[in-house]
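This is what each chain is made of:
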Amino acid sequence: RTISNEEDLELERQLKLRLNNIKTVKTEVGDVYDCVDIRKQPSLDHSSLRNHEIQMSSSRPKRKTSETSSVSTHSRVAQKDLITVDCPQGTVPIRRIGKEDLLRAKSFTESYASNIHPMTKETPGEHYAIVRSKNNERVEGVAAEISLHSLDDVGASQSSSAQVWIDKRVGNDYASLQPYLQLLWMHYVSFEDRKTSNWWLLINEHVQVGYWPAGLLGNSLNDGASYVAWGGLAQGPANDASPKMGAGHFGNFDYYEDAHFTQLQIVNTTFFWVNPKEDVVEQFVDNENCYYVNYNGFRKGKGHTFLYGGPGGNCGL
């Protein structure tokens, strides 16, 4: 992708901001991390966060034993194999990046800018295989364990992802959270802090990655969301071949081979994690010739779960 001189200067400026490190750590896999003062991390350069004070989680949803199914082996393996970065207290680890990483992030942001709510807007070249809420009921958190798969033949102008949507619309005010993470196995948790209205992101339920400050979300998500969805999104140029999704094939109904979401849960209005009721969620796939979703409800040891994916191909608009 070609960029203008102005864009190039802006990328150089962003890279210089990221060099304000206190310590540098190289991991066993070769990645380099800079330990940056938590009060000087690049995210705080956002115009809406210039005077933002770092906050801690002040509340966390409770769990009912009857609503909690056992965490699968995959989550335990992911926890055991997490790579740690030993940064001093008061700093945060930030992976060192180059200009090509910033360009990739910019391209990703532009590509997903239209992908706010999968059902409110039809965008040529976008295809979904999801399980979604049917009713506009208040939700204050969402969780899932997600399998991720390598699809090496996804083209440069295509993307294929496993996603969670957390949305709400109030009049013309609209907010949506769609975390983008690169992990092998992920037990994903996001919930709203009732005291600060920040939305927190956790991995394996105990690792606090960070939060979306309430001020960035307008007023829409300050009292919970009204729509959630889990599933796959495939994107490509309109009237061109669509990429694979999930594991890249139609389901064999095998949780070792097929892409899947397990342990689906939400936070209800009493601030408890609960299993979704089967009559308030539904499965949706926009093109069954290219993709599929198979919602299996509650299964012992896996919680609420579904399989999804597909080979893509000539899927139309």
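Our subject is the structure listed above.
Now for a look at the structure at hand. Keep in mind that what you see is a predicted model, and the values were worked out from it rather than measured.

A few words now on the pairing of strand E6 (residues 141-147). Here is the key point about a regular strand: its side chains alternate between the two faces of the sheet. With seven of seven residues buried, E6 lies mostly within the body of the structure. Burial along E6 is two-sided: Gly 141, Ala 143, Glu 145 and Ser 147 facing one way and Val 142, Ala 144 and Ile 146 facing the other are all buried. In this sheet, strand E13 (residues 259-267) lies alongside E6 in antiparallel orientation, the contact comprising five bridges. Note on E13: the bridge partner recorded for Glu 145 is Thr 262.

Below, the discussion takes up the packing of aromatic side chains. Counted according to the given criterion, the structure contains six aromatic pairs. Ring centres of Trp 200 and Tyr 211 lie 4.9 Å apart, and the angle between their planes is 45°; on these two criteria the pair is classed as tilted. Of this pair, Trp 200 sits in strand E10 (residues 199-203) while Tyr 211 sits in strand E11 (residues 207-212), placing them 11 residues apart in sequence. For Trp 200, a relative accessible area of 4% translates into the label buried. Ring centres 6.1 Å apart and planes at 55° place the aromatic pair Phe 306 and Tyr 308 in the tilted group. Judged by its relative accessible area of 0%, Phe 306 is buried. An aromatic cluster of at least three residues, connected via ring pairs, comprises Phe 261, Phe 306 and Tyr 308.

This structure, assessed with the given rule, holds two disulfides. Bridging Cys 35 to Cys 87, the disulfide has an S-S length of 2.0 Å. Taking the sign of the torsion about the S-S bond as the criterion, the disulfide between Cys 35 and Cys 87, at about -80°, is left-handed. Remark: Cys 87 occurs in the loop between helix H2 (73-80) and strand E4 (91-95) and Cys 35 occurs in strand E2 (residues 32-37); sequence separation between them is 52 residues. Two residues, Cys 290 and Cys 315, share a disulfide whose sulfurs are 2.1 Å apart. Measuring handedness by torsion sign, the sulfur bridge of Cys 290 and Cys 315 sits at about -120° and is left-handed. Separated by 25 residues along the polypeptide, Cys 290 in the loop between strand E15 (281-285) and strand E16 (292-299) and Cys 315 in the segment after strand E17 (303-309) bring together distant segments of the chain. Exposure remark for Cys 290: the relative accessible area of 2% places this residue in the buried category.

Assignment of secondary structure puts Gln 158 in the loop between E6 and strand E7 (159-170). In this structure, the C-alpha to C-alpha distance between Gln 158 and Lys 244, residues 86 residues apart in sequence, is 9.5 Å. Each residue touching Gln 158, except ones within four places of it in the same chain, is listed here: Asp 153, Gln 235, Gly 236, Pro 237, Ala 241, Ser 242 and Pro 243.

Cut-offs used in this document
Residues numbered from 1 in each chain as written. Predicted model: local features only at pLDDT ≥ 70, side-chain atom pairs only at ≥ 80, totals over all residues. Heavy atoms only, no water. Buried < 20%, exposed > 50% of the residue type's maximum accessible area, 1.4 Å probe, protein only. Helix = DSSP H or I, 4+ residues; strand = E, 2+ residues; numbered from the N terminus. Pairing = 2+ DSSP bridges. Phe/Tyr/Trp six-rings, centres within 6.5 Å; stacked < 30°, edge-to-face > 60°. Disulfide = S-S within 2.5 Å. Contact = heavy atoms within 4.5 Å.

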